[in-house]
Amino acid sequence: MAPIIPLSLLDLAPIAEGTSTADALAQTVRFAQTGEKLGYTRLWYAEHHGMPSIASSAPDILIASAGAHTSAIRVGSGGVMLPNHVPLRVAEDFRTLEGLYPGRVDLGIGRAGGSDGRTLQALRSFGGEHFSEQLAELLAFDTDSFPQGHPFGAVRVVPDNIGLPPIWLLGSSGASAHAAGQMGMGYAFAAHFSATPPKPAFDAYRQGFVPSAQFPEPHTIVCVSVVCAPTDEEAQFLSGSQELSWALFHSGQVRKLVAPEEAAAHDYTPGERAIIENQRPLWIVGSPETVKRKILEKIEGTGASEVMIATTMYSYELRLRSIELVANAFGIEPRA
């Protein structure tokens, strides 16, 4: 029986307390191999900087690592935060990745910086107001389409004779949805942290969609946060890690991902409880049956073409179990 909808994965390379960043990076390989074996369609890496609980500051390197340790699952960025990079370098990086893993790479692009203001200054981030200009420059490098006389028109992009992989615009507010459709790109919405309803953005994307070689039809991805365990009660307990970590982060306290036992014993302030209650409706937490039902509701409510799952858990082993339980619930066909 074919799966109801393609399922994919988003990895932020979480760093749990009591572990090192090296441990978290080693786990990205296990996560990629497990996701491939379970039959997930694609695996993307987010770009975040200056966060002690997240090791995914360099998606391009993680993509290269995942590609080298897998053979079938698509690997990509979810995404490259374009304001932090010069377009020529992005073109070089992703042409290289496409050359290494032809037909398996995705280039997801976002307009936010993915960090605090001081860190973005250190990155020499351009600021989101220049996003359209940067994206146009990236596309011109890829297609050698700078206007006559443009100073970059004679720049040779190496590797040459390799085009960029399929490009996805990422959004959390809907601002870039119509543009993604007009340019014939894919569109992915960050519903795992954004309270903005995805459906209006998806509608705008589809209404403005112009077919392209990479996307003959519109394709939308809704990214959701999922913690799955054999029972609702265990899943709720394990979700305490992301609840406390989210509350601490938004209270200005930066730490690695905390254990669920610590979360259960934590004396929450009213402010921390308010932060969690505001975010909790976005998290899908429960048994396989509960998670499947809630994901199906999300699909019905958004009309998404694909669901991407982000899972934040303290235990690396239980995180792997979580994505296996979801895959089994949806009847994904495992890869040999």
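Please refer to the structure placed before this passage.
Residues numbered from 1 in each chain as written. Predicted model: local features only at pLDDT ≥ 70, side-chain atom pairs only at ≥ 80, totals over all residues. Heavy atoms only, no water.

*Asks:* How would you sum up the overall build of the protein chain? Please name residues and give values.
*Replies:* Check the secondary structure of the protein chain and you find twelve helices and nine strands. Relative to a compact globule of 336 residues, whose C-alpha radius of gyration would be 20 Å, the protein chain shows 20 Å and is just as compact. Nonlocal contacts in the protein chain, meaning residues at least 24 apart in sequence, comprise 75% of its contacts between residues at least 6 apart. A total of about 14,700 Å² of accessible surface is found on the protein chain, and carbon and sulfur atoms cover 56% of it. A gap of 1 Å separates the mean positions of the 24 positive and 35 negative side-chain charges of the protein chain. (Helix = DSSP H or I, 4+ residues; strand = E, 2+ residues; numbered from the N terminus. Rg over C-alpha atoms; globule rule 2.2 N^0.38 Å. Contact = heavy atoms within 4.5 Å. Areas by Shrake-Rupley, 256 points an atom, 1.4 Å probe, with all protein chains shown as cover. Lys, Arg positive; Asp, Glu negative; His and termini not counted. Charge placed at Lys NZ, Arg CZ, Asp CG, Glu CD.)

*Asks:* Break down the packing of helix H1 (residues 21–38) against helix H12 (residues 316–330) for me, with residues and values.
*Replies:* Packed helices, taken two at a time, are described by the angle their axes make and the gap between the axes. Their axes nearest at 11 Å, the elements H1 and H12 cross at an angle of 20°. In this view, H1 runs roughly parallel relative to H12, as classed from their interaxial angle. In terms of crossing hand, the pair formed by H1 and H12 is right-handed. Residues Ala 24, Gln 27, Arg 30, Phe 31, Thr 34, Gly 35 and Leu 38 of H1 touch H12, and the partners they reach there are Tyr 316, Glu 317, Arg 319, Leu 320, Ile 323, Glu 324 and Ala 327. Partitioned by chemical class, the residues of the contact of H1 with H12 number seven nonpolar, three polar and four charged. (Axes fitted to C-alpha atoms, helices over the stretch in contact; angles between N-to-C directions. Parallel < 35°, antiparallel > 145°, perpendicular 65-115°, else oblique. Left-handed = near helix turned anticlockwise from the far one by under 90°. Nonpolar A, V, L, I, M, F, W, Y, C, P; charged D, E, K, R; others polar.)

*Asks:* Hey, could you go over the packing of aromatic side chains for me, with residue numbers and the actual values?
*Replies:* Throughout the structure, instances matching the rule amount to ten aromatic pairs. Their ring planes at 80° and their centres at 6.0 Å tell us that Phe 146 and Phe 152 sit as a pair that is edge-to-face. Consider the rings of Trp 246 and Trp 283, whose centres lie 6.4 Å apart with planes at 90°: the pair is edge-to-face. One end of the pair, Trp 246, is in helix H8 (residues 232–249); the other, Trp 283, is in strand S8 (residues 283–286), and 37 residues separate them in sequence. Using a relative accessible area of 8% as the deciding quantity, one classes Trp 283 as buried. By the ring-pair criterion, three or more aromatic residues cluster together here, those being Tyr 187, Phe 189, Phe 202, Tyr 205 and Phe 209. (Phe/Tyr/Trp six-rings, centres within 6.5 Å; stacked < 30°, edge-to-face > 60°. Buried < 20%, exposed > 50% of the residue type's maximum accessible area, 1.4 Å probe, protein only.)

*Asks:* Now, about the nonpolar core: what can you tell me, with residues and values included?
*Replies:* With 77 residues, the main nonpolar core has Tyr 40, Ile 295 and Val 326 as its most contacted residues. Discounting residues that sit within four places of it in the chain, Ile 295 has contacts with Val 226, Ile 284, Val 307, Ile 309, Val 326 and Phe 330. Judged by nonpolar contacts, the second largest core, of 14 residues, contains Leu 238, Ala 263, Ile 276 and Met 313. (Core = buried A, V, L, I, M, F, W, Y, C linked by side-chain atoms within 4.5 Å.)

*Asks:* Describe unusual backbone geometry, naming the residues involved and giving the relevant values.
*Replies:* With omega at 5°, the peptide bond leading from Gly 78 into Gly 79 counts as cis. Tracing the backbone through its elements, the reader meets Gly 79 in strand S3 (residues 74–81). In this structure, Ala 13 is a non-glycine residue whose phi angle is positive, near 50°. In this structure, Ala 13 sits in the loop between strand S1 (7–11) and H1.

*Asks:* Tell me about helix H7 (residues 198–207), and please be specific about residues and values.
*Replies:* Along an α-helix, residues three or four apart share an orientation, since each turn contains 3.6 residues. Along H7, the positions that sit buried rather than exposed are Pro 198, Ala 201, Phe 202 and Tyr 205. The buried residues of H7 occupy an angular sector of 100° when the element is viewed end-on, so they sit on one face. Exposed and facing more than 90 degrees away from the buried side of H7 are Pro 200 and Gln 207. Contacts from the buried residues of H7 go to helix H6 (177–182), strand S6 (186–189), strand S7 (220–228) and helix H11 (288–302). (Arc of directions from axis to C-beta.)

*Asks:* Hey, could you go over H11 for me, with residue numbers and the actual values?
*Replies:* Compared with the 21 Å implied by 1.5 Å per residue over 15 residues, the 21 Å span of H11 between its first and last C-alpha is a close match. Turning to H11, its buried residues are Pro 288, Thr 290, Val 291, Ile 295, Ile 299 and Thr 302. Taken together, the buried residues of H11 touch H7, S7, H8, S8, strand S9 (306–310) and H12. Looking one or two places after H11, you find Gly 303, whose phi comes out positive at around 70°. (Expected span 1.5 Å × (residues − 1).)

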